[in-house]
Amino acid sequence: MSATDSFRVYLDHAATTPVRSEVSERVFDVMNRFFGNASSIYTEGQEAKRLLEESRDQVASVFNANGSEIYFTSGGTESDNWAIKGVALRNIGKKNHIITSAIEHHAVLHTCKSLEKLGFRITYLPVDPEGLVQPADLESALDEDTCLVSIMTANNEIGTIQPIKKLAEIARSHGVLFHTDAVQAAGVIPLDVRDLGVDLMSVSGHKIYAPKGVGALYIRKGVRLDNLFDGGAQEYNKRAGTENLPYIAGLAKALTLANTEMAETSERITVIRDRLIRSVLSEIPHVRLNGHPTQRLPGNANFSFEFIEGESLLLLLDHYGFSCSSGSACTSGSLDPSHVLLAIGLPHEIAHGSLRISIGRDNTEKDVLRIVPVLGKIAERLRAMSPLYDDYTKCLGSNETPCERCGQQNH
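A brief report on the enclosed structure follows. Within each chain, residue numbers correspond to sequence positions counted from 1 in written order. Given that the model is predicted, a residue must reach a pLDDT of at least 70 before its local features are reported, and side-chain atom pairs must reach 80 or more before they are shown or counted; all residues, however, enter totals for whole chains, interfaces and linings. Values shown for side chains rest on all heavy atoms present in the structure; no hydrogens or waters enter the calculation.

## Notes on the overall build of the protein chain
Right, so step 1: Where helices and strands are cited, they refer to DSSP runs of H or I of at least four residues and of E of at least two residues respectively, numbered from the N terminus. Scanning the protein chain for helices and strands turns up 16 helices and twelve strands.
Right, so step 2: Oriented by its inertia axes, the alpha-carbon framework of the protein chain measures out at about 80 × 55 × 35 Å.
Right, so step 3: Looking at the protein chain as a whole, 54% of its 411 residues qualify as buried.
Right, so step 4: In the protein chain, 73% of the contacts between residues at least 6 apart in sequence involve partners at least 24 apart.
Right, so step 5: Surface exposure here means Shrake-Rupley accessible area, sampled with a 1.4 Å probe, where a residue is shielded only by the protein chains that are shown. Element-wise, carbon and sulfur atoms account for 51% of the exposed surface of the protein chain, whose accessible area totals about 17800 Å². Only protein chains enter the accessibility calculation, which uses a 1.4 Å probe; a residue is then buried when its area is under 20% of its type maximum, exposed when over 50%, and partly exposed in between. Here, two residues are considered to be in contact whenever any of their heavy atoms come within 4.5 Å of each other.

## Quick look at the pattern of salt bridges
Right, so step 1: A side-chain nitrogen of Lys or Arg and a carboxyl oxygen of Asp or Glu constitute a salt bridge if their distance falls within 4 Å. Under the definition given, this model contains 22 salt bridges.
Right, so step 2: We note a salt bridge from Asp12 to Arg356, for which the minimum N-O separation is 3.0 Å. With Asp12 in the loop between strand S1 (9–10) and helix H1 (21–33) and Arg356 in strand S12 (residues 354–358), the pair connects residues that are 344 residues apart, well separated along the chain. For the residue pair Asp12 and Arg356, the accessibility class agrees, reading buried in each case.
Right, so step 3: Taking the shortest distance from any N to any O, the salt bridge between Asp143 and Arg121 comes out at 3.0 Å. Taken together, the residues Asp143 in the loop between helix H5 (135–141) and strand S5 (146–150) and Arg121 in strand S4 (residues 121–125) connect sequence positions 22 residues apart.

## Focus on the packing of helix H2 (residues 43–62) against helix H9 (residues 245–283)
Right, so step 1: Simply put, an axis is a line fit to the C-alpha atoms, just over the touching stretch for a helix, and the angle between two N-to-C directions goes from 0 to 180 degrees. For the pair H2 and H9, the least separation of the axes is 9 Å and the interaxial angle reads 30°. Taken as axis vectors, H2 and H9 run roughly parallel relative to one another. As H2 runs across H9, the sense of the crossing is left-handed. Residue-level inspection shows Ala48, Leu51, Leu52, Ser55, Gln58, Val59 and Val62 of H2 in contact with H9, the latter providing Leu245, Ile248, Ala249, Ala252, Leu255, Thr256 and Asn259. Roughly parallel here means an angle under 35 degrees, roughly antiparallel means over 145, roughly perpendicular means 65 to 115, and every remaining angle is called oblique. Here a crossing is called left-handed whenever its near helix is offset anticlockwise from the far helix by less than a right angle, and right-handed whenever the offset is clockwise.

## Things to note about the packing of helix H10 (residues 310–319) against helix H14 (residues 371–384)
Right, so step 1: Look at H10 against H14: their axes get within 10 Å of each other, and the N-to-C directions meet at 130°. Looking at the two axes, H10 sits oblique to H14. When the axes of H10 and H14 are compared, the crossing they make is right-handed. Where H10 abuts H14, its residues Ser312, Leu313, Leu316 and Leu317 lie against Ile371, Val374, Leu375, Ile378, Arg381 and Leu382.
Right, so step 2: Split into classes, the residues belonging to the contact of H10 with H14 amount to eight nonpolar, one polar and one charged. Following the grouping adopted for this structure description, the nonpolar residues are Ala, Val, Leu, Ile, Met, Phe, Trp, Tyr, Cys and Pro, the charged ones are Asp, Glu, Lys and Arg, and the polar ones are all others, Gly among them.

## Concerning the pairing of strand S2 (residues 70–73)
Right, so step 1: Burial along S2 is two-sided: Ile70 and Phe72 facing one way and Tyr71 and Thr73 facing the other are all buried.
Right, so step 2: For two strands to pair, DSSP has to find at least two bridges joining them. The sheet contact formed by S2 and strand S8 (residues 215–219) spans four bridges and is antiparallel. In the sheet register, Phe72 faces S8, and the bridge partner there is Ala216.

All quantities given are derived from atomic positions and should not be read as evidence of function.
Take a look at the structure:
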């Protein structure tokens with residue numbers, strides 16, 4: 001295979017997904033037929049209003065929520081910002097402590113950092129080597145000044161699914177609100193807000209085959225938070241701005257389809273994922289799987305390749321027709337190692353060699369597994385140029401103590 005071949009496999013669905021044909025058809029239909037402003041009282045406006053509320057009810061039904069508890073936003077980042085800042089600013093001068101985890105998406109971490117500048121105290125809970133937040137750590141971190149706990153449902157890099165129901169139960173027992181960033185989990189695993197016991201939940205469209213630029217925030221009835229945007233009376237006076245009705249209808253369509261197909265899709269993708277993991281670990285030396293071995297998103301496989309720099313790995317994979325990532329798409333331009341991989345205990349040099357493969361609904365097992373021999377060849381090529389690997393191989397053939405010569409722990 002060469003760069004001139006037309007064959008390509010897209011394996012970065014955690015970064016974004018293609019828009020489903022059924023969804024794009026819905027978007028264009030609404031765009032053409034329901035152009036009215038949902039805030040207007042004449043016929044075109046009221047037709048748009050009815051469609052807006054139907055879409056709201058559709059989204060709510062997927063998560064076992066009430067329509068009045070769903071607020072449409074521009075995406076996951078806005079939803080995270082609104083949930084966290086909205087609760088924080090509502091409590092300013094009363095409670096100033098927020099708890100989150102060390103492996104959150106930057107939409108949460110950077111929001112918390114901005115609140116630190118306003119005097120809020122932020123606790124960043126550690127995770128275990130598989131990326132799990134320990135309920136006992138949350139219990140210990142809660143105090144009388146805590147106003148919010150924000151823990152993601154599933155990690156965008158390593159795929160680990162958190163025990164959200166247990167964590168939310170602990171927060172609730174202390175009278176503290178609980179928010180979860182469910183951007184990676186929505187439409188992929190079952191999410192019942194009543195069963196989970198969460199107060200706030202963020203969702204994004206472009207992770208579930210809907211367009212970029214639309215999302216939602218679930219706000220449990222009775223939860224009060226300050227507005228992020230000021231302006232008109234849209235979204236029950238809580239989120240100003242004319243609603244993006246075509247994309248909202250597209251989000252509702254995508255979530256409905258995903259929910260209907262979830263069991264079958266999840267089972268099929270999990271089989272492909274597990275075969276991919278087994279093949280990579282058995283056929284390529286010096287590779288480790290990151291994240292929980294089973295308690296992970298169906299399509300997520302995150303590996304660390306020793307003696308390899310991740311960016312070179314990605315560029316060569318792209319050359320051979322595979323679109324993958326080294327972690328979060330939001331930080332793809334950064335040379336720093338993943339904060340998630342550092343949080344689970346990987347040293348910098350191994351964290352730099354990470355590869356995230358995220359499988360989608362249209363990927364076949366045959367196409368996904370084609371990456372394995374290509375990965376093997378690329379790894380061999382890059383290691384042949386690596387001074388670290390050269391030291392490692394020399395170390396194995398010497399009488400010197402391995403760690404003194406090359407720093408590796410796993411000879």
